[in-house]
2 protein chains.
Amino acid sequence: MAFNKRVKIKDLLSDDFLDKQVDIMGWVRTKRSNKNVSFIAMNDGSTIKNFQVVADPNQIEDETLRRATTGACLKISGKIVASQGAGQQAELLAEKIEVLGDADPEKYPLQPKKHSLEFLREIAHLRVRTNTFGAVFRVRHALAYAVHKYFNDKGFFYIHTPIITASDAEGAGETFKVTTLDLKNPPLDDQGNIDYKQDFFERETNLTVSGQLEGELAAMGLAEIYTFGPTFRAENSNTTRHLAEFWMIEPEMAFYDAEDNQDLAEDFLKYIISYALENCQDDLEFLDKRAQEEESNKKAEQRAEMGLLERLRFVVDNKFERLTYTEAIDVLKNSNPNKKKKFQYLIEEWGADLQSEHERYLVEKHFKKPVILTDYPKDIKAFYMRQNDDGKTVAAMDILFPGIGEIIGGSQREERLDKLTQRMEEMDIPQEEMWWYLDTRRFGSTPHAGFGLGFERMVLFVTGMGNIRDVIAFPRTPGNAEF
Amino acid sequence: MAFNKRVKIKDLLSDDFLDKQVDIMGWVRTKRSNKNVSFIAMNDGSTIKNFQVVADPNQIEDETLRRATTGACLKISGKIVASQGAGQQAELLAEKIEVLGDADPEKYPLQPKKHSLEFLREIAHLRVRTNTFGAVFRVRHALAYAVHKYFNDKGFFYIHTPIITASDAEGAGETFKVTTLDLKNPPLDDQGNIDYKQDFFERETNLTVSGQLEGELAAMGLAEIYTFGPTFRAENSNTTRHLAEFWMIEPEMAFYDAEDNQDLAEDFLKYIISYALENCQDDLEFLDKRAQEEESNKKAEQRAEMGLLERLRFVVDNKFERLTYTEAIDVLKNSNPNKKKKFQYLIEEWGADLQSEHERYLVEKHFKKPVILTDYPKDIKAFYMRQNDDGKTVAAMDILFPGIGEIIGGSQREERLDKLTQRMEEMDIPQEEMWWYLDTRRFGSTPHAGFGLGFERMVLFVTGMGNIRDVIAFPRTPGNAEF
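Positions within a chain are numbered from 1, following the residues in the order the chain's sequence is written. Whichever chain is written first is A, and whichever ligand is written first is 1; the rest continue in order. Since the coordinates come from a predicted model, pLDDT governs what is reported: local features require at least 70, and pairs of side-chain atoms require 80 or more to be given and counted, while whole-chain, interface and lining totals use all residues. With hydrogens and water stripped out, all remaining heavy atoms of the structure feed into the side-chain values.

Chain A appears in an unreviewed UniProt entry as Asparagine--tRNA ligase from Arthrospiribacter ruber. UniProt positions are given in the numbering used here, feature names are shortened, and annotations may be inferred rather than shown by experiment. Note on chain A: under the UniProt heading Subcellular location (unreviewed entry), the record states "Cytoplasm". Its UniProt record, at the heading Subunit (unreviewed entry), says of chain A: "Homodimer."

A word on the sheet that holds strand 3 (residues 51-55) of chain A
All names here are of chain A. What makes two strands pair is DSSP finding at least two bridges between them. Every helix listed is a DSSP run of H or I at least four residues long, and every strand listed is a run of E at least two residues long, numbered separately from the N terminus. If you trace the five strands once around the closed barrel, you get 1-2-3-5-4, paired in mixed fashion. Each adjacent strand pair in this sheet contributes to an overall mean axis angle of 55°, direction not counted. Here strand 3 runs beside strand 5 (residues 90-101); their pairing, made up of two bridges, is parallel. Directly across from valine 53, in strand 5, lies its bridge partner leucine 92. Axis definition: a line fitted to C-alpha atoms, over the contacting stretch in the case of helices. Angles run 0 to 180 degrees between N-to-C directions.

A closer look at the interface of chain B and chain A
Across the contact, 122 residues belong to chain B and 122 residues belong to chain A. Accessible area that two parts lose when put together, evaluated with a 1.4 Å probe and summed over both, is termed the buried area. Taken over both partners, the interface formed by chain B and chain A buries close to 9800 Å², and the fraction arising from carbon and sulfur atoms is 63%. Sorting the residues of chain B by area buried against chain A places His160(B), Leu183(B) and Phe255(B) first, and these three jointly supply 8% of that buried surface. A carboxyl oxygen of Asp or Glu within 4 Å of a side-chain nitrogen of Lys or Arg is what we treat as a salt bridge. The residue Glu224(A) makes a salt bridge to Lys8(B) at a minimum N-O spacing of 2.5 Å. Any N or O atom pair separated by 3.5 Å or less is treated as a polar contact, with the protein-specific requirement of one donor-capable and one acceptor-capable atom, and with residues adjacent in sequence counted only for side-chain atom pairs. Inspection of the region where chain B meets chain A yields 47 residue pairs in polar contact (both at pLDDT 80 or more). The element best represented in the side of chain B that touches chain A is helix 4 (residues 131-153) of chain B, accounting for 11 residues. Each residue gets one label: Ala, Val, Leu, Ile, Met, Phe, Trp, Tyr, Cys and Pro are nonpolar, Asp, Glu, Lys and Arg are charged, and the others, such as Gly, are polar. Residues of the side of chain B that touches chain A, tallied by class, amount to 61 nonpolar, 31 polar and 30 charged. Sheet topology note: the strand 8 (residues 177-179) of chain A/strand 8 (residues 177-179) of chain B ladder contains three bridges and is antiparallel. If you follow Val178(A) over to strand 8 of chain B, its bridge partner there is Val178(B). Residue contacts follow a heavy-atom distance rule, with two residues in contact if any of their heavy atoms lie within 4.5 Å.

Considering the pattern of salt bridges
Evaluated as defined, the whole model comprises 58 salt bridges over all chains. In this structure, the salt-bridge partner of Glu224(B) is Arg6(A), at a minimum N-O distance of 3.6 Å. With Glu224(B) in strand 10 (residues 224-232) and Arg6(A) in the segment before helix 1 (9-12), this residue pair bridges two chains. For Arg6(A), a relative accessible area of 12% puts it in the buried group. For Asp470(A), the salt bridge goes to Arg127(A), with nearest N and O atoms at 3.1 Å. Of this pair, Asp470(A) sits in the segment after helix 14 (455-463) while Arg127(A) sits in the loop between helix 3 (117-122) and helix 4 (131-153); the two residues are 343 residues apart in sequence, bridging distant segments of the chain. Take Asp470(A) and Arg127(A): they sit in the same class, and that class is buried. A simple rule labels every residue: compare its accessible area, found with a 1.4 Å probe on the protein chains alone, to the largest value its type can have, and call it buried under 20%, exposed over 50%, or partly exposed in between.

Brief notes about the relation of the copies chain B and chain A
For the pair chain B and chain A, the relating rotation is 180°, the translation along its axis is 0.0 Å, and the fit reaches an RMSD of 0.0 Å. One copy is carried onto the other by what is essentially a two-fold rotation axis. Using C-alpha coordinates, one finds that chain B approaches the rotation axis most closely at Val178(B), a distance of 2.5 Å. By residue overlap, the copies meet face to face through one surface: 100% of the interface positions of chain B are interface positions in chain A. Superposing the copies works by least squares over the C-alpha atoms of residues that have pLDDT at least 70 in both of them.

Written as structure tokens, this is what we have:
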């Protein structure tokens, strides 16, 4: 006997159900009662908007109304009628209320008052029931779907690259080890080192920091692919911008050069933001107001120049500014904060790595629009980036966003075997282990390019939240693997 | 200067480009030459179909034609004309050919001849360039997209549940440890045990075996959610059905009972298979022929009764047979293979766990359609499944498919706190560590249900491939983490 015969609250907000008999199910957000009537605000997660239920104590038993406290789960049957009160179009006249699950007001932690994000992080298993996190996760869903839709519509193929890997794409990041060895008594070899031959994969393995290299392999046969999977960094960074486990989107395209790559990245970012603007109107309006309130608590000089919705439309409507790293260094060197020594890291010469303060200056103060920086010094970029003819720079690109700084990093890849192996030698990257990567340059190589988008940074930007731990359901950070 | 001004071969197969000037880019599959003309079959991954290029040695330099060997990457400019030969509608008259990347015929491993799947697995970085694997990965993409589209269209929200976790959903599976400790000199506590307080997460962590429990948390606020992420088993199983790393889809729905769950699962499976049938016609026709050839090499009694496409349509067109475990045991006990002792595991009494041979008998011999088995003995199922009133069974469901056996496992979840904790006690599952899971039953609990689909099993079923290592780009199995 099927149970799920409800109408979603999202659908009730349209006119189609007026004067109709419906069942709704959801959780009580608030209840206001007087002798003559109870008003119950119900939410079922389908929308940020609550639906008002009007319960007549002559019709609904006292005991039931008493149990309909904040957080309780109810099934309510009744008729949808035009609303008497202000602020909503329709309401439900309850004929029958069934308590599916109580929420003891003495114990339920989510009473209707303002809770700090820090407190809500400690009850991440319940925070999805709040307005803010309901909105965040609905927007996150919409963005994820937009990613898949964008690439599918363009004929890209979704590739699941490995999570457990024996290679380390950047030769850099600190990685998590993956093992089935007995940590207390690990097997040792003749030299007294851990004998990984006895581990599950018969070699040392770790969690991936990027699917790019494997993505390139697939692109050299399917031409246009993307990945969307979890990646990991074992960095001991307790900041509002870092997670130990986060999701990355990494398209890789054969037959693309640096400019094609920039065009795709700009188009892609605009598409997924537009998708959210079109499909998450209610949630984004709520988050826009929320961000305004947050801003009003800041000192005037720290306030963002634009509101959330304004910022999103601004990204969609403006052509991104494209300039080279070399040009950017000139701008920064001659900038006021550099001359007045306001930057924490002063820009003194070509070759300096750009910090977040520099990126944000370029975007927020100088150009006042998203910026694509290209052609970075090869010494501050990865071995696989295509070497430019100047011998000094590579065909890298970083896309910089207001408030966030770098949101995308990418490059045309080095497709010339001799140039690639020469760079690997210079950077001490072992070629034997990467025979398969080099094979793609040995056999049917072609110009190709790609980029990576940290998905949580995107969700952070679109929701206007301040801490990356608040845009993923169950964040993983140093000392924290709860839930 | 943008490079990517090509027309995809998939698009060339339509009529729109007849008599037009185009650039194509892709890899040479084969070349046939005589004194007067060369025919080059080009593939760019967009479709299984190659596109024929006709090159006149008077127009194209000898050296270029010589280099256009199997596997080489070419850019070809010319005019699309109606084809003279049989088997294709149009062809490209080459005016200019540029070799983007050579493929030395002495060294390139993918020469145009039949390669064994075992050999291709060893060069997984190149196998995507073959007909079979191109088709498999395009179908895999379509299935993944169909999953997202199905749930998005129904108003479900995609939740990314954690990969690194301190809990183990089933209390069962063998897991991979995740650590940043120095394996050679791990820190020990007073008792001489590993001091996980000094590990990255300050506790023992492993790779997730399922996102279900966290999915349930999200469903208790957003109502209808799904996960689609990697899961892991550290089982030393070297079979054609097991991977150490595989992708799972796990929807969880508040307000669903067992029957709602069955309805959703059946509808979902039919949708994604239909989607592949509609969107991957060419690839599935190729895979259908391929499966036929494979079958013809088998002994008559081992051959599948249906061809691939026939099997897919059969699943889409038939209502799944639903029966209880208890009914299934009766069928099996009285079956010929049981009476004639042909089953490896004879069914003697109620309570026996069903093996693949039993599941396949029910689907392929007895009912001759997909089967949903329900209400299993509680002793062979997980603690979180809802207890039926008989005190012996739980509201579980397994969906069984021809050739594959179990493709989906799910259940209505136990929403009653007292019943759940009692079952956890019986099964020695620590309640303190799962305080957050129990909280959802303490506060606003509701009937809810969900299921899990192993994505690679689905791809195996839809592509008709025989080994699960051939439906994921870079498989992870005992002793194998290459690429």
